Amino acid sequence: MDYTKNSPWTEEQIKSSLQENLNPHRYQHVLGVVKASEMLALCHGADPEKARIAALYHDVLKSQKPQWLTDYLKAHGEVPGELALAPSVLHAPAGALYAEHTGGVTDPEILFAIRYHTTGRPQMGTLEKIIYLADLIEENRSYDGVEVLRSLARDDLDRAMLAALEQSIRYLLHRKEHILLISVEARNAFLNQLKERMTGEKSHDEKLAEN
């Protein structure tokens, strides 16, 4: 299916741009995210083609410097706001704009997945969760806890998102770096959502026991 404008970039064009603008290590990371996102899409009933496109674009502007990214956002009518305090995430909203205005992507699910793959947000869609998590669990990642997160991501996206967001927040606290409000709000949203889900499951089990 075609999720893009009249003249969308082909996958070959996207990869060509990535190879020109990313170092080999980053390019291999992107390919790893593509593979992981397709796997998660199949696990959770999402569209693997959309996952593939979003994954290919997620780090398309990763090599650009913060000032360039800031100028790019402003040129497209966006003010970085609090994101200016966490410049390492600027490539995400800028990448979404690039995918739309240069790559021809119009599908909002894909664009949101690219935009929020570094910060998360409350009320994330399935594709957004998949790209956020695929970025963290792709096969080239190696850190304490990655296998646990991989298992969680395959089994339950919401539990995996809570674990991933809390891991990210702990990391930023340790490094004494700015924690974006949207990430804190996302963490709280998943926490409360899971609490509600557990309460519902408990009530359901109790009703079954009564019968």
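This one's a predicted model, so the numbers in the text were calculated from it and none came from an experiment.

### A look at helix α6 (residues 108–115)
- Inspection of α6 places I110, L111, A113, I114 and R115 among the buried residues, and these make up the whole buried set.
- Tucked inside the fold, the buried residues of α6 contact α3 (48–57), α5 (91–101) and α7 (126–137).
- A side-chain oxygen of the first residue of α6 lies 2.9 Å from the backbone nitrogen of E109; this N-cap is D107.

### Some points on helix α4 (residues 66–75)
- Those residues of α4 that sit buried are L69, T70, Y72 and L73. One face of α4 carries all of its buried residues, which in axial projection span an arc of 160°. Seen from the buried face of α4, the exposed residues on the opposite side, beyond 90 degrees, are Q67, K74 and A75.
- Turning to α4, the residues buried within the fold contact α5.
- At the C-terminal side of α4, G77 shows a positive phi close to 80°.

### Description of the environment of N188
- Here N188 shows up in helix α10 (residues 181–210).
- Considering only alpha carbons, one finds N188 and H91, 97 residues apart in sequence, at a separation of 24 Å.

### Comments concerning the layout of surface pockets
- Here the largest pocket is characterised by a volume of approximately 870 Å³.
- Surrounding the largest pocket, 31 residues form its lining, S88, T118, L136, S168 and Y171 being those nearest its centre.
- Where the lining of the largest pocket is concerned, the elements lending two or more residues are α2 (24–43), α7 and α9 (157–174).
- Class assignment for the residues of the lining of the largest pocket results in 14 nonpolar, 10 polar and 7 charged.

### Focus: the pattern of salt bridges
- Applying the stated criterion across every chain, the model contains 17 salt bridges.
- Of the charged contacts, one joins K15 and E11 as a salt bridge, the two residues approaching to 3.2 Å between their closest N and O atoms. Taken together, the positions of K15 and E11, both in helix α1 (residues 11–21) and 4 residues apart, correspond to about one turn of that helix.
- Where salt bridges share partners, they join K129, D156, D158, R159 and R197 into one cluster.

### Focus: the side chain of H58
- Residue position: H58 is located in the loop between α3 and α4.
- A distance of 3.3 Å separates the side chain of H58 from the side chain of H29, its partner in a polar contact.
- Ignoring sequence-local partners within four residues, the contact set of H58 consists of H29, V30, V33, H91, I114, H117, I131 and D135.

### Description of the environment of H117
- Mapped onto the elements of the fold, H117 is located in the loop between α6 and α7.
- In this structure, the C-alpha to C-alpha distance between H117 and Y98, residues 19 residues apart in sequence, is 15 Å.
- For H117, the contacting residues outside a window of four places in its chain are H58, D59, H91, A92, I131, Y132 and D135.
- One polar contact links H117 to H91, side chain to side chain, over a distance of 3.3 Å.
- Within the local environment of H117, its side chain forms a polar contact with the backbone oxygen of I114, the two atoms lying 2.7 Å apart.

Thresholds applied
Residues numbered from 1 in each chain as written. Predicted model: local features only at pLDDT ≥ 70, side-chain atom pairs only at ≥ 80, totals over all residues. Heavy atoms only, no water. Buried < 20%, exposed > 50% of the residue type's maximum accessible area, 1.4 Å probe, protein only. Helix = DSSP H or I, 4+ residues; strand = E, 2+ residues; numbered from the N terminus. Contact = heavy atoms within 4.5 Å. Polar contact = N/O pair within 3.5 Å; in protein donor to acceptor, adjacent residues only side chain to side chain. Arc of directions from axis to C-beta. 1 Å grid on protein atoms, 1.4 Å probe; cavity = no way out; pocket = protein on both sides within 12 Å on 5 of 7 lines; lining within 4 Å. Points joined across faces, edges and corners; volume = space filled by probe spheres on them. Nonpolar A, V, L, I, M, F, W, Y, C, P; charged D, E, K, R; others polar. Salt bridge = Lys/Arg side-chain N within 4 Å of Asp/Glu carboxyl O.

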